[in-house]
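Commentary on secondary and tertiary structure
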Amino acid sequence: MRLRFLLRLLVLISIMLPLALLAGCEETPTGRSQLALVPETLMTQMGGDAFDQLRQRQPVSRDTAVNRRVQCVAQAVVTAAEARYPAADLPEAWEVVVFEDSSPNAFALPGGRIGVHAGLLQVAETPAQLAAVIGHEVGHVLADHGNERLTQELGIKAVLLLVGLFGEEQLGGQQMMQALGLGAQLGITLPFSRAHEEEADLMGLAIMARAGFDPQQSVALWRNMAAAGDGQPPEFLSTHPAHGSRIEALQEAMEEAEATYRATTPADCAG
C-alpha cells in the first residue's frame, strides 16, 4: 500500500516539479527559497513511523534526572521556537525521548518527535549546550528540511522511473529515513544537505537565545564536538559543515543572538 502510494507520488511530483519551478518556490523562515511538495500529512506519518522504529530498536533511558533535564530544555526550546518563528507550521505537541545510545546525537522529526541520545550529554556539558543541539534539530523541522530533501529525492527518482532506470523495488524505507535526516548520502544531495545544516545552525542559535540560553555556549558545544570527534572527514565529504566552519558562522551571527539573550529571562534547567 505504501509503495503504491509512493509510486503515485513520484508521478505526481514529476508533473508538479516543472510547474512549481515556473510558479516560484516557497521560502523557509530565514528567507531561503525552497521547493517542498510532499503533503504534510505524509511527512507527519513518516516521522511517526521512523520514530516508532527507533523506539523498537533502541532502549529508552529511565534515568529520572537525565529525562527531567532534557524535557526542561526541549520544552523551553520549543516554546521559544514558536515565539521566534510564529509563521512556521509547528506541531501542536512534541514527544521527547532519551535513548540509551552512547553516540553524541539528537534529532527532531516531522510531527513533533525529538530524540536525544544519552551520549550527547557527555559532550553537551551544560543545559545551554544541549539547547543548541535541540534548537538546531527543531530548526530542521521548522524549515521543512525533511520535505525539501524528500521532494528532491523523489523528483530525481521520478525522472529515473519514468525513463525506466529506477525500479519499484528500490523504493525502500532507507531512502525515507535519509530524507528525514536520519542518514547521509553523497552525490547530488550533498551541498543541499549542508545548506540545511547551516540554516538549522543559525535558526538554532536564534531559538536558544530566545529561550534564555547563553548563545555563546553553541560555540563551546561545537568545540566539544570537535574534541570528541576522532577523525572527522573532510568538509567536502560531509553533509555537516566542518566544526571550524560551523563555529565561524555562529560567531558571525552572535551579536544579534546575544542581544536577544540579554532581553530574555534566563532559562533554569540545571536542576
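Residues numbered from 1 in each chain as written. Predicted model: local features only at pLDDT ≥ 70, side-chain atom pairs only at ≥ 80, totals over all residues. Heavy atoms only, no water.

Attention shifts here to helix α8 (residues 216-228). Relative to the 18 Å expected for 13 residues at 1.5 Å per residue, α8 spans 19 Å between its end C-alpha atoms, a close match to the ideal helical length. Those residues of α8 that sit buried are Ser218, Val219, Leu221, Trp222 and Met225. Take α8 and look down its axis: the buried residues cluster within an arc of 155°, on one side only. (Helix = DSSP H or I, 4+ residues; strand = E, 2+ residues; numbered from the N terminus. Expected span 1.5 Å × (residues − 1). Buried < 20%, exposed > 50% of the residue type's maximum accessible area, 1.4 Å probe, protein only. Arc of directions from axis to C-beta.)

Here we come to the nonpolar core. Of all hydrophobic cores here, the largest spans 50 residues; its most connected members are Ile114, Leu130, Ile134 and Leu142. Residue contributions to this core peak at 9 residues, all from helix α4 (residues 127-142). With residues up to four places along the chain from it excluded, the contact list for Leu130 reads Val70, Val73, Val116, Leu120, Leu121 and Ala124. The next biggest cluster of nonpolar side chains, apart from the first, holds 7 residues, and it includes Phe51, Val97, Phe99 and Phe107. (Core = buried A, V, L, I, M, F, W, Y, C linked by side-chain atoms within 4.5 Å. Contact = heavy atoms within 4.5 Å.)

With respect to the helices, strands and loops of the structure, Thr264 is situated in the segment after α10 (254-262). Polar contacts involving the side chain of Thr264 include one to the main-chain carbonyl oxygen of Thr260, which spans 2.7 Å. Apart from the residues within four sequence positions on either side, Thr264 is in contact with Ala209, Arg210, Ala211 and Gly212. (Polar contact = N/O pair within 3.5 Å; in protein donor to acceptor, adjacent residues only side chain to side chain.)

So, on to the state of the cysteines. Tallying each qualifying case throughout the model produces 1 disulfide. Put simply, Cys72 and Cys269 are joined by a disulfide, and their sulfur atoms are 2.0 Å apart. The sign of the S-S torsion, about -75°, decides the handedness of the disulfide formed by Cys72 and Cys269: left-handed. Here Cys72, found in helix α3 (residues 64-84), pairs with Cys269, found in the segment after α10; they are 197 residues apart in sequence, far enough to count as distant. (Disulfide = S-S within 2.5 Å.)

Below, the discussion takes up the sheet that holds strand β5 (residues 113-117). Taken in spatial order, the 3 strands make up an open sheet running β3-β5-β4, and their pairing is mixed. In this open sheet, the two strands that pair with only one neighbour each are β3 (95-99) and β4 (106-109). Here the average twist between neighbouring strands, direction ignored, is 15°. Helix α2 (residues 40-57) rests against β3, β4 and β5 of the sheet, and its axis sits at about 30° to β3. Docked against the sheet, α3 engages β3 and β5, running at close to 140° with respect to β3. (Pairing = 2+ DSSP bridges. Axes fitted to C-alpha atoms, helices over the stretch in contact; angles between N-to-C directions.)

Enumeration over the complete set of coordinates arrives at 3 aromatic pairs. Their ring planes at 75° and their centres at 5.9 Å tell us that Phe51 and Phe99 sit as a pair that is edge-to-face. Of the two residues, Phe51 sits in helix α2 while Phe99 sits in strand β3, which places them 48 residues apart along the sequence. Exposure class is identical for Phe51 and Phe99. Each is buried. Residue class for Phe51 comes out buried when judged on its relative accessible area of 0%. (Phe/Tyr/Trp six-rings, centres within 6.5 Å; stacked < 30°, edge-to-face > 60°.)

To continue, consider unusual backbone geometry. One non-glycine residue, Asp144, lies in the positive phi region at around 60°. Relative to the helices and strands, Asp144 is located in the loop between α4 and α5 (145-162).

Here Val123 is to be found in the loop between β5 and α4. The buried category is assigned to Val123, whose relative accessible area is 9%. For the pair Val123 and Ala220, spaced 97 residues apart in sequence, the C-alpha to C-alpha distance is 9.9 Å.

Two elements in contact, α3 and α4, have axes whose closest approach is 9 Å; the angle formed by their N-to-C orientations is 45°. Judged by the inter-axis angle, α3 sits oblique to α4. Remark: the crossing between α3 and α4 carries right-handed chirality. Contacts between α3 and α4 pair Val70, Val73, Ala74, Val77 and Ala81 from the former with Pro127, Leu130, Ala131, Ile134, Gly135, Val138 and Leu142 from the latter. (Parallel < 35°, antiparallel > 145°, perpendicular 65-115°, else oblique. Left-handed = near helix turned anticlockwise from the far one by under 90°.)

Keep in mind these numbers describe shape, not what the thing actually does.
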